[in-house]
Amino acid sequence: KKSSLIVTGNPIYDKIFQELQDSKYSRIESNEKKVLLITAHMVGLEHDWVKTKRDHMIKEIINTIKNNEENIKLSVKIHPSYESLDEYNKLIHKIDPSIMIYQKESILQVIKESDVIISTSSSTAMVCGLLSKKPLIIHNCFQVEHDELLERGLVIECKQPSDIISSIHTAINSEPPTEKIEKFIKDTLFKLDGQSAERIANAIMNLLDNNFK
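Residues numbered from 1 in each chain as written. Predicted model: local features only at pLDDT ≥ 70, side-chain atom pairs only at ≥ 80, totals over all residues. Heavy atoms only, no water.

> For this particular structure, what's the right way to read the overall build of the protein?
Across its full length, the protein carries nine helices and six strands. Along the longest, intermediate and shortest principal axes, the C-alpha atoms of the protein span 70 × 40 × 30 Å. Going through the 213 residues of the protein one by one, you find that 40% of them count as buried. Of all intrachain contacts in the protein linking residues separated by at least 6 positions in sequence, the fraction that spans at least 24 positions is 67%. Accessible surface, the protein as shown: approximately 12700 Å² in total, 50% of it carbon and sulfur. Computing the positive centroid from 28 side-chain charges and the negative centroid from 31, the protein places the two 3 Å apart. (Helix = DSSP H or I, 4+ residues; strand = E, 2+ residues; numbered from the N terminus. Buried < 20%, exposed > 50% of the residue type's maximum accessible area, 1.4 Å probe, protein only. Contact = heavy atoms within 4.5 Å. Areas by Shrake-Rupley, 256 points an atom, 1.4 Å probe, with all protein chains shown as cover. Lys, Arg positive; Asp, Glu negative; His and termini not counted. Charge placed at Lys NZ, Arg CZ, Asp CG, Glu CD.)

> Explanation requested: the side chain of Ser114 in the structure shown.
In this fold, Ser114 is placed in the loop between α4 (107-112) and β4 (116-119). Among the residues examined, Ser114 registers a relative accessible area of 4% and is labelled buried.

> Any chance you could explain helix α9 (residues 196-212) here in plain terms?
For α9, built from 17 residues, the straight-helix expectation of 24 Å at 1.5 Å per residue is met to within 8% by its first-to-last C-alpha distance of 25 Å. For α9, the set of buried residues is Ser196, Arg199 and Ala203. Looking down the long axis of α9, one finds its buried residues gathered within 55 degrees of arc, a one-sided arrangement. (Expected span 1.5 Å × (residues − 1). Arc of directions from axis to C-beta.)

> Teacher, can you tell me more about helix α5 (residues 124-131) here?
Turn by turn, an α-helix covers 3.6 residues, leaving residues three or four places apart pointing in a common direction. Taking burial as the measure, the eight residues of α5 include seven buried ones, the bulk of the element. Taken together, the buried positions of α5 are occupied by Ala125, Met126, Val127, Cys128, Gly129, Leu130 and Leu131. Positioned one or two residues after α5, Lys133 has a phi angle of 60 degrees, which is positive.

> Just checking my understanding: could you explain the pairing of strand β2 (residues 72-77) for this structure?
Across the six residues that make up β2, a large majority, five, are buried. Direction of pairing for strand β1 (residues 33-38) relative to β2: parallel, over a ladder of six bridges. Among the inter-strand pairings, Leu36 is bridged to a residue of β2, identified as Ser75. In this sheet, strand β3 (residues 100-102) lies alongside β2 in parallel orientation, the contact comprising three bridges. Note on β3: the bridge partner recorded for Ser75 is Met100. What joins β2 to β3 is helix α3 (residues 85-92), and the crossover it makes is right-handed. (Pairing = 2+ DSSP bridges. Right-handed = clockwise from strand over helix to strand, strands pointing away.)

> Even after reading the chapter, I still don't get the side chain of Arg199, so can you show me in this structure?
For Arg199, the position within the fold is in helix α9. For Arg199, a relative accessible area of 19% translates into the label buried. Beyond its immediate sequence surroundings of up to four residues, Arg199 is in contact with Thr8, Phe190, Lys191 and Asp193.

> Mind showing me how you'd approach the pattern of salt bridges here?
Between side chains of opposite charge, a pair can form when the charged atoms approach closely. Counted according to the given criterion, the structure contains nine salt bridges. Here Glu87 ties to Arg54 by a salt bridge, and the two come within 2.7 Å at their closest N and O atoms. Taken together, the residues Glu87 in helix α3 and Arg54 in helix α2 (residues 47-66) connect sequence positions 33 residues apart. Under the relative-accessibility criterion, Glu87 is labelled partly exposed at 31%. Arg54 sits in the buried class, given a relative accessible area of 12%. Across the salt bridge formed by Arg199 and Asp193, the nearest N and O atoms sit 2.9 Å from each other. The exposure class of Asp193 is partly exposed, given its relative accessible area of 22%. Each of Lys51, Arg54, Asp55, Glu83 and Glu87 takes part in a single network of salt bridges with overlapping partners. (Salt bridge = Lys/Arg side-chain N within 4 Å of Asp/Glu carboxyl O.)

> Hey, could you run me through the nonpolar core in this one?
Looking at soluble globular proteins, one finds that nonpolar side chains tend to be buried together. Ranked by internal contacts, the top residues of the largest apolar core, which has 27 residues, are Ile58, Leu74, Ile92, Ile137, Ile164 and Ile168. Mapped onto this core, the elements with two or more residues apiece are β1, α2, β2, α3, β4 and α7 (164-172). The residues touching Ile168, leaving out its near neighbours within four places in the chain, are Lys33, Val35, Ile72, Val116 and Ile137. Of all hydrophobic cores here, the second largest spans 25 residues; its members include Ile111, Val127, Leu149 and Ile181. (Core = buried A, V, L, I, M, F, W, Y, C linked by side-chain atoms within 4.5 Å.)

These values are about where atoms sit, not about what they do.
Structure, rendered in structure tokens:
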């Protein structure tokens, strides 16, 4: 019954709130733009097709940035358990050995150290970037439909690797969509106050108390 449901929020983001509550958004001042490419674990799509599209996208982005005269420093964050660091080392360092590839490092830390975040779809990592008020780009190489962040206008969409430089400029020069972010939090996370796990625990205790009574 609807009357028996209790909205608590998502405890995954409790720690994120605690780490970000003192962080303030600031415009990028350095001439060097630090761009973080976050890979996504695509569930429900054929593996070989995803791998082919992913590898092509990564190569194109790296080559586009490398051949551009602007001062852009690219780093890559891969999934901490679903992806192979050796595989990405062979793919990326063959083109540019200076690119840093992160796997086990804290996603929040690498986001904090970046100016612009790029990924292929909405994910927990992209929500972390959103909550950090970082400019976000979704490179829609997988033709993902009904992407949450895209539909809400919270990210810049890049459809072609050749457009990645202009997308970076657009993202950097855009103001954080504060009202849209607040609505996203209310609609999908209920509250971002670091107390979701506590609300869950309290709800369980109240349920047990009522059952005992």
